[in-house]
Amino acid sequence: MAQNKHIVNDPRNLANESLAGLARVNAKIKVDATHRVVYAANVPQDRVALISGGGSGHEPAHAGFVGDGLLTAAVAGNVFASPNVAQVRKGLELVNNKKGTLIVIMRYTGDVLLFGLAKEQSSVTNPDHPVKMTIVGDDVAVGRKQGALVGRRGLAGTVLVYKCASALADEGADIDAVYEMSEYVNTRVGTIGVGLEHCHIPGTAISEAHLKESEIELGMGIHNEAGIEKIKLPTSKELIKRMLGLITDTSDEDRAYVPFKHDGKDEVVLLVNNLGGISNLEMFSIANDAVEELTKNKITVRRVTVGSVMTSLNLPGFSLTCLLLPRQGDKFSPERILQLIDSPASAPGWTYITTTEPGAAPDTKDTTAPKPIKNASSPVAPADFALFEKAVSSACNNVVAAEPEITKFDTIAGDGDCGLCFKAMAEGVLNAFKAGKVDKNDVTSAMVDIGTVIEKEGDGTSGAIFFLFMTSLAGHISAVAKSQNAKTDTKALWAEAVSRAFKSLQGYTLARKPSRTLMDPLEAFVESFSADQDLDKAVAAAQQATEDTKKMVAKAGRATYVNQDDLMKADIPDPGAMGITKLLEGLQAALK
């Protein structure tokens, strides 16, 4: 289902209000609100001006690129609609200068006609001001037969075209040289997009799903135009391979637009563009796959950038663009194009492009692991290791058995993972005992070994709390034994060490009873056991603290995000508190 919700005042005014917001964050621009033209506050008179534009909804393109080293002006139409000729003509007037203006637009019929008309009108009204126009068509999804009359659509590669042209203009080049550069780059850029669903235009009717749950559309345009085909959602690597193949493959005469030679000497600038609704987490993974695929095909990636350059409102999808660099001896050198790409530029929409080649892939080989935690103090021998193992195992088994009930409660009071987290830690400890990975000769080392298992198996807040508590407990066992001059563990030693460890834990969390968290029964147990070393009494205190959480307003933990009235009606204990109590009851059963 497409995302149909938007944060707007009036959809009819959205384009204007967006431009007003852009002016708020960029003091170097001005906005002609009547004609929706964004232009440089100080138009250079001794530099060729660059102007672009088209329908709104593709931000930051193109208004977000008005700035130093980029566009001089951009003309914005309504959402997905070309600006009218009066708007474009006004834009040309606002950037009037002594050296001429280059228009760089995407090939869409309305844009071509209306920008072209304004260009022709300008030649009549201002004949001494030369105006040239480059029409970018970088979409390899549109084959020669299909686009015989209208040509290829313009996509994110447009930004690379006017970046190179603008950088040349900054050097003082004349209009003919700037135009020549834009035309040259235009012939060497290819883009392919993919959509997981259509985007939704603010103010229009709620849209239905365009694609099945398992489908994506390869070659989808930036206005929801149909792509090449609908395919089953593949893995990222499979999809990237298919997309880059459409850009780089020269065997398909219908779509072989970019002159790759596949002789191991091809070099590219790679642009990974977010069409509006893909997470950054996925985008950088996509970039990694794209660099790997190009490298595997002996195509060298000289520059790579990732970000939102040309969007399609909230369309969940992305596009890949490759700018094929020239060879030595061509009209321009590869270093010359990279110099233009790397030249300084500043605008709200300009995405960072590193001026160096992509970094190496992370080293996935085994590296030296951190040194394991070991007890550096005098060892404290367990009075009865068999009983220690029996008690801890009983506690773990009791938690494992209670997992379904804890999970059930956590689906109401949390995010549903508490029981599984407790179970994973408990099973990890049980396996450690079975494998003989818990030190039998030193209680401190045994607690370190258990903590190490929890570090590996425990997730989320509960895992962190257990790991902190166990690690702190290990240290305090040695410290208390030293202060009591004890060589073996005793009930008094455990009581004092547990009390100290809990105080240390409180330094890392603000949760205090009553808070409706696992800290409630843990604190109740520690207070009782450290006072008189009566295990049964201390477990009873923990049980009561857990029972009390049923009618308690959550002050910490995931339960704070749940509707408290609904939580009270559910009449359930805190899942984490229940887990602690099951753990303590298991200890109690073994030690009786």
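No experiment lies behind these values; they were computed from the predicted model shown.

A. Geometry of the overall build of the protein. When you go through the protein residue by residue, the secondary structure sums to 17 helices and 12 strands. Compactness check: the protein gives a C-alpha radius of gyration of 33 Å against a globular reference of 25 Å for 592 residues, more than 25% above the reference. In terms of its C-alpha atoms, the protein occupies a principal-axis envelope of roughly 100 × 55 × 45 Å. Taking all 592 residues of the protein together, the buried fraction comes to 53%.

B. Examining helix α11 (residues 443-457) more closely. With 15 residues, α11 should reach 21 Å at 1.5 Å per residue; the first-to-last C-alpha distance of 21 Å fits that figure. Every buried residue of α11 is accounted for by V443, T444, S445, A446, M447, V448, I450, G451, V453 and I454. Looking at the buried side of α11, the elements it contacts are α9 (385-413), α10 (418-434), α12 (460-484) and α13 (491-506).

C. Quick look at α13. For α13, with 16 residues, the first-to-last C-alpha span of 23 Å sits near the 22 Å given by 1.5 Å per residue. Of the surrounding secondary structure, the elements contacted by the buried residues of α13 are α9, α11, α12 and α14 (519-532).

D. Structural context of the packing of α11 against α12. As a packed pair, α11 and α12 sit with axes 8 Å apart at the nearest point and diverge in direction by 165°. When the axes of α11 and α12 are compared, the pair comes out roughly antiparallel. Helix-helix and strand crossings are classified by hand; for α11 and α12 the assignment is left-handed. Residues V443, T444, M447, V448, I450, G451, T452, I454 and E455 of α11 form the contact with α12, whose participating residues are G463, F466, F467, M470, L473, A474, I477 and S478. When the residues that make up the contact of α11 with α12 are grouped by side-chain class, the tally is 11 nonpolar, 5 polar and 1 charged.

E. Structural detail: the sheet that holds strand β2 (residues 37-40). Taken together, the 6 strands give an open sheet; going across it, the order is β1-β2-β4-β3-β5-β6, and neighbouring strands pair in mixed fashion. Sheet topology places β1 (29-32) and β6 (131-136) at the edges, where each strand pairs with a single neighbour. Adjacent strand axes in the sheet meet at a mean angle of 20° when their direction is disregarded. Looking at chain direction, β2 and strand β4 (residues 73-79) are connected through 3 bridges and run antiparallel.

F. Up close: the pattern of salt bridges. Per the counting criterion, the structure on display carries 23 salt bridges. The closest approach of N and O atoms between E357 and R302, which form a salt bridge, is 2.8 Å. Of the two residues, E357 sits in the loop between α8 (334-342) and α9 while R302 sits in strand β11 (residues 300-307), which places them 55 residues apart along the sequence. E357 sits in the partly exposed class, given a relative accessible area of 41%. Among the residues examined, R302 registers a relative accessible area of 14% and is labelled buried. Members of the salt-bridge network, linked through shared partners, are K237, D289 and E292.

G. Layout of the pairing of strand β7 (residues 189-195). Among the 7 residues of β7, 7 are classified as buried, and the element is accordingly described as predominantly covered. Burial along β7 is two-sided: V189, T191, G193 and G195 facing one way and G190, I192 and V194 facing the other are all buried. By the bridge criterion, 7 bridges tie β7 to strand β12 (residues 317-324) in an arrangement that is antiparallel. Note that in β12 the partner of V194 across the bridge is F318.

H. Up close: the nonpolar core. Within the largest apolar cluster, 60 residues are counted, with the highest numbers of intra-cluster contacts made by F388, M447, I450, L473, I477 and F525. Elements supplying a minimum of two residues to this core: α9, α10, α11, α12, α13, α14, α15 (535-548) and α17 (575-591).

I. Here's a closer look at the packing of aromatic side chains. Tallied over the full model, the rule gives 9 aromatic pairs. With a centroid separation of 6.3 Å and 50° between ring planes, the pair formed by F385 and F433 is classed as tilted. Of the two residues, F385 sits in helix α9 while F433 sits in helix α10, which places them 48 residues apart along the sequence. Both residues of the pair, F385 and F433, count as buried.

J. Region of interest: the sheet that holds β7. Spatially, β9-β8-β7-β12-β10-β11 is the arrangement adopted by the 6 strands of the open sheet, whose pairing is mixed. A strand with exactly one partner marks an edge of an open sheet, and here the two such strands are β9 (229-232) and β11. Each strand axis lies, on average, 20° off the axis of its neighbour in the sheet, ignoring direction. Of the strand pairs in this sheet, strand β10 (residues 267-274) and β12 are connected by 7 bridges, and their pairing is antiparallel. Within the sheet, the bridge partner assigned to V269 lies in β12 and is L323. Helix α6 (residues 236-248) rests against β7, β8 (215-218), β9 and β12 of the sheet, and its axis sits at about 40° to β12.

Cut-offs and rules
- Residues numbered from 1 in each chain as written.
- Predicted model: local features only at pLDDT ≥ 70, side-chain atom pairs only at ≥ 80, totals over all residues.
- Heavy atoms only, no water.
- Helix = DSSP H or I, 4+ residues; strand = E, 2+ residues; numbered from the N terminus.
- Rg over C-alpha atoms; globule rule 2.2 N^0.38 Å.
- Buried < 20%, exposed > 50% of the residue type's maximum accessible area, 1.4 Å probe, protein only.
- Expected span 1.5 Å × (residues − 1).
- Contact = heavy atoms within 4.5 Å.
- Axes fitted to C-alpha atoms, helices over the stretch in contact; angles between N-to-C directions.
- Parallel < 35°, antiparallel > 145°, perpendicular 65-115°, else oblique.
- Left-handed = near helix turned anticlockwise from the far one by under 90°.
- Nonpolar A, V, L, I, M, F, W, Y, C, P; charged D, E, K, R; others polar.
- Pairing = 2+ DSSP bridges.
- Salt bridge = Lys/Arg side-chain N within 4 Å of Asp/Glu carboxyl O.
- Core = buried A, V, L, I, M, F, W, Y, C linked by side-chain atoms within 4.5 Å.
- Phe/Tyr/Trp six-rings, centres within 6.5 Å; stacked < 30°, edge-to-face > 60°.

These results come straight from atomic positions and should not be treated as a statement about function.
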